Amino acid sequence: MRASLLQIDVNEGESVESRRLRVASLVREQAGADLVVLPELWTTGAFAYEDFGSAAEPLEGPTYEAMAKAASDAGVWLHAGSIPERDPDGPLYNTSLVFSPSGDLAAAYRKIHRFGFDKGEAVLMGAGDELVTVRLPGTTLGVATCYDLRFPELFRGLVDAGAETLVIPAGWPERRRAHWTLLAQARAVENQAFVLACGTAGTHAGVPQAGHSIVVDPWGEVLAQAGAGEQILTVEFDPGKVAVTRDQFPALKDRMLGLTAPRR
């Protein structure tokens, strides 16, 4: 499987409309990939809290339309990162969109763990309450977003639902970049799954972004990692390695906690 992670620079001098067009063009350039992944809140910037309300869109808004068309034009599965979604009957949500190669919406995931410690996203957006997986030819994606990376129980739930490749768009700050790499590898090792974690570049509301998008295999080996600026990280990996790893080192079968009955 060939995956391309688009580490987008969210520059405050670029309008949302201009960036949307530019990113759609970048997605189209990935024709030939199996999966393309965008970062979290790349339309506004993950730390641009004051813009969430004005930039919020209905689920099937302009970003949805642009990304559906780009996925169809390129013929790729597209995890289009996340948008600030305005639910007409509720609060804002940090919502990820996954499109099929035909441009159809395959899944939408509302971020469960909101960052901010009673500020920012944590108070401006509602929390999702559903785990989301997406079946692709050859692998099943488990969908999570940024701060979710710190909560291993979410990923174990995704694995229980069949996930083999964990996809994590993020707007992760540079000052905690060491955690980004460490946690991506930890989630891969403990779940014996591939991790594709795509971050933003640039500076959002004065917060420098970590970049350093990363792809990790089920043994925790880093297959590829980006630098700090905008770039496209492309990697080929064998989804079949998940089953082989889980068979060779069947640690998941020895779980005792969080189960209704031991798997022995």
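Since the model is a prediction, treat every value here as computed from it, not as a measurement.

K.L.:
Help me understand the nonpolar core in this model?
P.N.:
One recurring pattern in soluble globular proteins: nonpolar side chains tend to sit buried together. Core analysis: the biggest nonpolar cluster contains 45 residues, and L5, L35, V134, F155, W172, V195 and L196 have the highest contact counts within it. Broken down by element, this core gets its largest block of residues, 5 residues, from strand β10 (residues 194-199). Ignoring anything within four residues of it in the chain, the contact list for L196 reads A3, L5, L35, T165, L166, V167, I168, I214, V215 and F237. Membership of the second largest hydrophobic core comes to 24 residues, among which are W42, A66, A70 and I83.

K.L.:
Explanation requested: the confidence of the model for the protein chain in the structure shown.
P.N.:
Put simply, the protein chain has an average pLDDT of 96, and 98% of its residues get 70 or more. A low-confidence stretch, residues 260-264 (pLDDT under 50), is modelled with 7 contacts involving residues beyond four sequence positions or located in other chains.

K.L.:
Looking at this structure, I do not really get the packing of helix α5 (residues 152-160) against helix α6 (residues 177-191). What am I missing?
P.N.:
Close contact between α5 and α6 brings their axes to 10 Å; oriented N to C, the two are set at 40 degrees. On the basis of the axis angle, α5 is oblique to α6. Between α5 and α6 the crossing geometry is right-handed. Listed contacts from α6 to P152, F155, R156 and V159 of α5 are R187, E190 and N191. For the contact of α5 with α6, a count of residues per class yields 3 nonpolar, 1 polar and 3 charged.

K.L.:
Honestly, the sheet that holds strand β2 (residues 9-10) in this entry has me stumped. Any pointers?
P.N.:
If you trace the 3 strands from one edge of the open sheet to the other, you get β2-β11-β12, paired in mixed fashion. Edge positions in the open sheet fall to β2 and β12 (207-208), since each of these has one partner strand only. In this structure, β2 lies alongside strand β11 (residues 201-204), joined through 2 bridges in parallel fashion. For D9, the partnering residue across the bridge sits in β11 and is A201.

K.L.:
How should I be thinking about the packing of helix α1 (residues 16-28) against helix α3 (residues 62-74) in this particular structure?
P.N.:
The angle between the axes and the distance between the axes are what describe a pair of packed helices. At their nearest, the axes of α1 and α3 sit 8 Å apart, and the two run at 20 degrees to each other. Classified by the interaxial angle, the pair formed by α1 and α3 is roughly parallel. When you trace α1 past α3, the crossing you get is right-handed. Residues R20, V23, A24, V27 and R28 of α1 form the contact with α3, whose participating residues are P62, T63, A66, M67, K69, A70, A71, D73 and A74. Its residues placed into classes, the contact of α1 with α3 shows 9 nonpolar, 1 polar and 4 charged.

Rules of the game
- Residues numbered from 1 in each chain as written.
- Predicted model: local features only at pLDDT ≥ 70, side-chain atom pairs only at ≥ 80, totals over all residues.
- Heavy atoms only, no water.
- Core = buried A, V, L, I, M, F, W, Y, C linked by side-chain atoms within 4.5 Å.
- Buried < 20%, exposed > 50% of the residue type's maximum accessible area, 1.4 Å probe, protein only.
- Helix = DSSP H or I, 4+ residues; strand = E, 2+ residues; numbered from the N terminus.
- Contact = heavy atoms within 4.5 Å.
- pLDDT = per-residue confidence, 0-100.
- Axes fitted to C-alpha atoms, helices over the stretch in contact; angles between N-to-C directions.
- Parallel < 35°, antiparallel > 145°, perpendicular 65-115°, else oblique.
- Left-handed = near helix turned anticlockwise from the far one by under 90°.
- Nonpolar A, V, L, I, M, F, W, Y, C, P; charged D, E, K, R; others polar.
- Pairing = 2+ DSSP bridges.

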